[in-house]
Structure formats: C-alpha cells, structure tokens
Protein chains: 2
Amino acid sequence: MKCLMAEVNFSEGRDQALIDQVRDAMLDGASIDLMEISSDADHNRTVFTFKGDPEAVLAATKRLSAKAVELIDMTTHSGAHPRIGAVDVVPFIPVKDVTTEEALEICNAYGKFMGKLGVPVYYYEDAATSEERKSLPKIRKGQYEGLKEKMADPAWAPDEGPKEFNAKSGATVTGVRFPLVAFNVNLQTKDLDIGKKIVKAVRAATGGYQYVRAIALALEDRDGIIQVSMNLTNYEKTPIHRVFETIKSEASQYGVGVVDCDLVGPVPVYALQDVLKFYLRTHRFSLDQLYM
Amino acid sequence: MKCLMAEVNFSEGRDQALIDQVRDAMLDGASIDLMEISSDADHNRTVFTFKGDPEAVLAATKRLSAKAVELIDMTTHSGAHPRIGAVDVVPFIPVKDVTTEEALEICNAYGKFMGKLGVPVYYYEDAATSEERKSLPKIRKGQYEGLKEKMADPAWAPDEGPKEFNAKSGATVTGVRFPLVAFNVNLQTKDLDIGKKIVKAVRAATGGYQYVRAIALALEDRDGIIQVSMNLTNYEKTPIHRVFETIKSEASQYGVGVVDCDLVGPVPVYALQDVLKFYLRTHRFSLDQLYM
C-alpha cells in the first residue's frame, strides 16, 4: 500500500481554538493517519504530521492549508522559530512504495493549489527548480519581514503563485525529501570542543558523511554532557549505525565515552533494518516479518 | 488496540482443496489479520497464523477448527511431524495490550468449544492445569497412535471434552504463551562439537539462559557452517542481544566467528526494542515513535 507522509509547519502555536479549526478542516475528508500534532508557544508554530494514501494526503494538506491561510495573519505574527509564511514549510516524504516522481507530482499539485490561493510558493529539496533553492535556510533567509524585498529580486521570483508580496500569508515553501532521522549522541564530557571536533568528523559540510547534518551543544538539563545533535537526511545511504560507530571511535581518541543516544520524533522502521543487520548480522531479515 | 495472535496447527499439508476450505471457513466472519499460511507436505501439516481483536481471533479459531475437525480423518493421517490430533496445537499469544489472564479466558473458551465438538482437549504452557502438562512434547508423547492408551491412564484424563478416545479427530492441545522468537546463529566452523558446547552454554536445560531452547546442527545447504538454532521463549526476560553476545563470546574461545544470523518467521517488533537499546544506547526510545 502506498504511503506518503506530510509535515505541515504553520505559524500559530498559541491560539488553541485556531489550531483546532485547522485540525478539523484537515480531518474533514478522506481518512489519513494523523501521527502527531506538535505546538510550540515559544516558536509560535505548529507541526501536523500525517500519512496515508498520497491523494488523500494531498487533499488533507490542501484543506489544512486553506484554513490556515484564512485564519492566520502574518502581519501580527512573532515567534522564536524562523518562518516566511502562514503555511511555512510543507515537506512531502515518501514512506512506502511511493517514488520520488510520484511525490513530486503531489508536491507540484499542492504548489499550484497554494498559488491559486494567492500565496507565492517556493519549491525546495528534491522539488527545487534550481540548486540555490534546494536549501530551506536559503529560501527562508530574511524571513517574513524581508520577503517583500527578496521577492523584488528577480533571482527570487516564486515558483508558483503571484509575483507580488502577500502581506497576510507570506510565502509557502514545499518540497519532497527522504524521511529524516533525528539522532543525538550524548558524550561523557563537558568539553564542547570535543563535541565540535566530532561534528567536524561526521557531517557532510566538513568532509564527513554525505547525509549528516550535525551540531554540538551542551545539554542544559544534563550536567557534564555534550550532545552531538544530528539529522540523518538519507538513512539508506548513510545508515544510523555507521554514524554511531564513527562517533564512538572518534570520541575514544579523547578518552570520551558515549553515555546514551536519542532517536527523536517519528522514526521510519526502515531506518532500523540496517541497524539490525549490522549488529545482529541478520542479513536475510525482512521487515515484512515484523508485527506489532 | 488489543491484539491477540493465534497459531493454529492442523494435520493436513497436502490436500490444497481441503486447506482452502479450512481457510475460507476461518475468513468467513469478523475480520482478523491473516499473517501467514504455511503448509508442509512432508510434515503433512499446515499452520495458520493470524491476529486481531481477541474475540475476533477466538471466533476465527472456532470456525477454522470446526471445519478441520469435519474434514480431517486422523485414522488415515501420516506425516513427519509429531501430532496428536486433527487440530493439533493452538497457542494463543498476547501481542499487545492483552494480559495473560485475558488470553487464558479466550483459550479456555476455545477449549470448551472443542470439547463440545467431541474432541478431548489438553491445556499446555500458561494454560496448563498441572506442571506436567506445561510441556507440549510431554502431552504429545506417544502421538495420535498412542493416544487411546494414554487417555486410559487417569493421569492423562483430558482437561475438556470426552474422556473417550476420538479416532477421527484425536485430541487438541491449546494454551497461552509468550511470543516465540526463532533466532539462529551461524558459526564459521565444521565442528558440530563446538556448536554443542555453545548450546550447552546458552540453553536453560544445561545452565544457560532461562528462556532459551537450543540445538546445534550442520546446515545442509551451507557447507562448513554449524548453526545454533534457538527458540527464545520470553524475549523480555531473555533478550536477543544478550544471547547473541554470549554466543559470540563463547565461540571466540575456539577461534570461531559468527558468519551471520537468522530471525525466522514472524518477529514481534517489541523483541527488537531491547536490541536497539543495547546497541544504539537509545534508552528513551519508544516503539510508538516507529512508523512504517
């Protein structure tokens, strides 16, 4: 059965009545599997994560977005998280039996829909129309407050929708990407420099693994621990266990051990297949054998 | 959502038309999730594995069993696998949010149903009415051919159903047990004695782990490999990784390495939680985070 996931990030994390209205609009149609609603008042932002049949997910994303665009006014929005619009970022994520091409069709249909609603749209990641636009931070640089000026630059003409700034709704960034795995490794050290050296060793930007983004930080709630906080952007090509073993090995040269690790948020079960194969040597194991 | 699994073992593995009739009877009611049908002509035996709502699973097991009892005549049955009746063994296995007590209620209701059909019933494992009857091999000892004589012994009076031998249907053994994990470790050696020494180290019967049953054998289709073939009968109390690490360690004293391993048949995803915690140190990871 085909399964596509959507993570809709929209710019309201405080007004529960508004969030409920958006949720109700989303649920008012063909059934999808609502996995998580995560609101952050500080960020003033909510993320709806859901999955299901690709067409059903597209329809739910449209309903959700139309309601959010109707109710959210960016001219009065403030929050700690970077954002560029009322419906800020919408990645479509192939989970099972959905090709990148199929996901791109869904994403493009969604982009055109938002354009018709009067919202400028940028495609990012695998849906990007140029190398420059692959990166969400680059598209979002300057944020909502800088969007009017940015859009005046022909290099930043939207991919869909009006070429003019939409003050109420800002812009929407949508795209297709592989499922992320958020994986944190906690090191038994107070020395942030050691964490930074390990980050350098594993992340793509400094010569490490191609599909690792990483930062090092001191954990506020756990004294004497430095965390290497990572997003693995393609667990098939850069699997969890390989990154973990490299970090253990790199840390050992400083006499530093790994206290524990965290897998944060939803984790595709497929990402664990290679972990099991590596550690248990179960090379013939298929996830079809799993039941829960 | 509550989930109970049943593994119905019945004594026909050759007559596909008969097997289809049994399957159709099973499917003719409230929906259950049919996980696997496995027929073995040599064993002359079929195993239906299915799961779902406990009451739905009970009803499907009843329909299946009534049809098998109707169609199978044990007086003409032969096959390589030990068996005592037409519906030979029916374990009920709590998978999710089902207590042993709830599973026992289902099992006892099923036992009474079979008794009313005229089939003598023995309860085994967690449903056993005495210590002696916990063991399937003990109940099945003497097989169908020895059942008439066995039942004449007051010590082997059935737990449900008629006290007289039923020539057409034999007897049925039913019970409740924890999900099994079939885990095989393949050793880089031709020396069966090394395999036997490792079996001795890990299995309960010889001082090893409480919930491990194990044998050593030479693999016919892979030259120069000895397999330690195991059933882990309680993966919570004796987890996979601990048994695996012990085998690696024991094998190393003979200079023997582990080539690879096999997880055979259905594996409850819960059995992998401890594996992940051990190897990835993800002590806060919950299976609720997994999606597929």
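Residues numbered from 1 in each chain as written. Chains lettered and ligands numbered in written order. Predicted model: local features only at pLDDT ≥ 70, side-chain atom pairs only at ≥ 80, totals over all residues. Heavy atoms only, no water.

Let us look at the state of the cysteines. Residues and elements named next belong to chain B. Scanning the model with the defined rule gives 0 disulfides over all chains in all. Sulfur of C3: no disulfide; nearest cysteine sulfur belongs to C107 and is 17 Å away. Here C3 falls in the buried class, since its relative accessible area comes to 9%. (Disulfide = S-S within 2.5 Å. Buried < 20%, exposed > 50% of the residue type's maximum accessible area, 1.4 Å probe, protein only.)

It is worth spelling out unusual backbone geometry at this point. Residues and elements named next belong to chain B. At N44, a position not held by glycine, the phi torsion is positive, near 50°. For N44, the location among the structural elements is in the loop between strand 2 (33–40) and strand 3 (45–52). Looking at N44, the relative accessible area reads 5%, which means it is buried. With phi around 55°, Q143 is a residue other than glycine that occupies positive phi space. Assignment of secondary structure puts Q143 in helix 5 (residues 143–152). (Helix = DSSP H or I, 4+ residues; strand = E, 2+ residues; numbered from the N terminus.)

Think of interface size as the accessible area that goes away when the parts come together; that is how it is often given. In this complex, chain B contributes 39 residues to the contact, which on the side of chain A involves 39 residues. At the boundary of chain B with chain A, total buried surface from both sides reaches about 3600 Å², with 64% on carbon and sulfur atoms. By the criterion of area lost to chain A, the three top residues of chain B are B:L280, B:Y291 and B:M292, representing 25% of everything that side buries. Counting across the interface, chain B meets chain A through 4 salt bridges. Close ionic contact of A:D260 with B:R284 constitutes a salt bridge, the shortest N to O distance being 3.1 Å. (Contact = heavy atoms within 4.5 Å. Buried area = accessible area lost by both parts, 1.4 Å probe. Salt bridge = Lys/Arg side-chain N within 4 Å of Asp/Glu carboxyl O.)

In this section: the relation of the copies chain B and chain A. Relating one copy of the chain to the other takes a rotation about an axis and a shift parallel to that axis. In the superposition of chain B on chain A (RMSD 0.1 Å, axial shift 0.0 Å), the rotation amounts to 180°. The operation mapping one copy onto its partner corresponds to a two-fold rotation axis. Of every C-alpha in chain B, the one belonging to B:Y279 sits nearest the axis of rotation, 3.5 Å from it. A symmetric contact is evident, with 100% of the interface residues of chain B recurring at the interface of chain A. (Least-squares fit on C-alpha atoms with pLDDT ≥ 70 in both.)

All names here are of chain A. The 6 strands are arranged 2-3-1-4-6-5 in an open sheet whose pairing can be described as mixed. The strands lining the two open edges of the sheet, one partner per strand, are strand 2 (33–40) and strand 5 (121–125). Averaged over all pairs of adjacent strands, the angle between their axes in this sheet comes to 15°, without regard to strand direction. (Pairing = 2+ DSSP bridges. Axes fitted to C-alpha atoms, helices over the stretch in contact; angles between N-to-C directions.)

With that settled, the discussion passes to the packing of aromatic side chains. Residues and elements named next belong to chain A. Scanning the model with the defined rule gives 15 aromatic pairs over all chains in all. Here the aromatic rings of Y144 and F165 are separated by 5.7 Å at their centres, their planes lie at 40°, and the arrangement is tilted. With Y144 in helix 5 (residues 143–152) and F165 in the loop between helix 5 and strand 6 (172–176), the pair connects residues that are 21 residues apart, well separated along the chain. Exposure remark for F165: the relative accessible area of 25% places this residue in the partly exposed category. Measuring from ring centre to ring centre gives 6.2 Å for F183 and F244, while their planes differ by 80°; the resulting arrangement is edge-to-face. Here F244 lies in helix 7 (residues 240–252) and F183 lies in strand 7 (residues 181–187), a separation of 61 residues in the sequence. Above the plane of the ring of W156 lies K150, whose end atom (NZ or CZ) is 4.2 Å from the centre. (Phe/Tyr/Trp six-rings, centres within 6.5 Å; stacked < 30°, edge-to-face > 60°. Lys NZ or Arg CZ within 6 Å of the ring centre and 35° of its normal.)

Take the pattern of salt bridges next. Counting across every chain of the model gives 34 salt bridges over all chains. The shortest N-O distance in the salt bridge between A:K134 and A:E131 comes to 3.9 Å. Among the residues examined, A:K134 registers a relative accessible area of 39% and is labelled partly exposed. In this structure, the salt-bridge partner of B:D24 is B:R23, at a minimum N-O distance of 3.0 Å. Residue B:D24 is classed as partly exposed on the basis of its relative accessible area, which comes to 42%.

Next up on the list: a negative patch on the surface. All names here are of chain A. Judged by side-chain charge, D53, E55, E101 and E105 come together as a negatively charged surface patch. Position of E105 relative to the elements: it lies in helix 3 (residues 100–116). Overall, the relative accessible area of 61% leaves E105 in the exposed class. (Patch = residues over 30% accessible without salt bridge, like charges linked within 9 Å, V, L, I, M, F, W, Y side chains within 5 Å. Areas by Shrake-Rupley, 256 points an atom, 1.4 Å probe, with all protein chains shown as cover. Lys, Arg positive; Asp, Glu negative; His and termini not counted. Charge placed at Lys NZ, Arg CZ, Asp CG, Glu CD.)

Residues and elements named next belong to chain A. Look at helix 3: 24 Å from first C-alpha to last across 17 residues, which is about the 24 Å you get at 1.5 Å a residue. Within helix 3 the residues assigned to the buried category are A103, I106, C107, Y110, G111, M114 and G115. Looking at the buried positions of helix 3, the neighbouring elements they touch are strand 1 (3–10), helix 2 (54–71), strand 4 (87–96), strand 5 and strand 6. After helix 3 finishes, the residue G118 shows a positive phi value of roughly 95°. (Expected span 1.5 Å × (residues − 1).)

The subject of this paragraph is the environment of A:V8. All names here are of chain A. In this fold, V8 is placed in strand 1. Each C-alpha atom, one on V8 and one on F50, is 8.6 Å from the other, the two residues being 42 residues apart in sequence. If we skip the residues at most four places from it in the chain, V8 touches T46, V47, F48, F50, T61, L64, V87, V89 and V90.

In this section: the packing of helix 1 (residues 16–27) of chain A against helix 2 of chain A. Residues and elements named next belong to chain A. Interhelical geometry of helix 1 versus helix 2 gives an angle of 150° and a closest axis separation of 7 Å. Taken together, helix 1 and helix 2 sit at an angle that is classed as roughly antiparallel. Between helix 1 and helix 2 lies a crossing whose hand is right-handed. Residues L18, Q21, V22, A25, M26 and L27 of helix 1 form the contact with helix 2, whose own contacting residues are A60, R63, L64, K67, A68 and L71. (Parallel < 35°, antiparallel > 145°, perpendicular 65-115°, else oblique. Left-handed = near helix turned anticlockwise from the far one by under 90°.)

Another point: the nonpolar core. In terms of nonpolar packing, the biggest core is built from 82 residues, with A:F183, A:M230, A:I240, B:F183, B:M230 and B:I240 touching the most fellow members. Here B:M230 is in contact with B:V181, B:A182, B:F183, B:N184, B:V185, B:V202, B:V212, B:R213, B:A214, B:V243 and B:I247, once residues within four sequence places are set aside. (Core = buried A, V, L, I, M, F, W, Y, C linked by side-chain atoms within 4.5 Å.)

So, about the sheet that holds strand 9 (residues 226–232) of chain B. All names here are of chain B. Pairing is antiparallel across the open sheet formed by 4 strands, whose spatial order is 8-9-7-10. A strand with exactly one partner marks an edge of an open sheet, and here the two such strands are strand 8 (212–218) and strand 10 (258–264). Within this sheet the neighbouring strands show an average axis-to-axis angle of 20°, counted without direction. Taken together, the 7 bridges between strand 7 (residues 181–187) and strand 9 define a ladder with antiparallel strand orientation. Note on strand 9: the bridge partner recorded for F183 is M230. Against the sheet, helix 6 (residues 192–202) touches strand 7, strand 8 and strand 9, its axis set at about 180° to strand 8.

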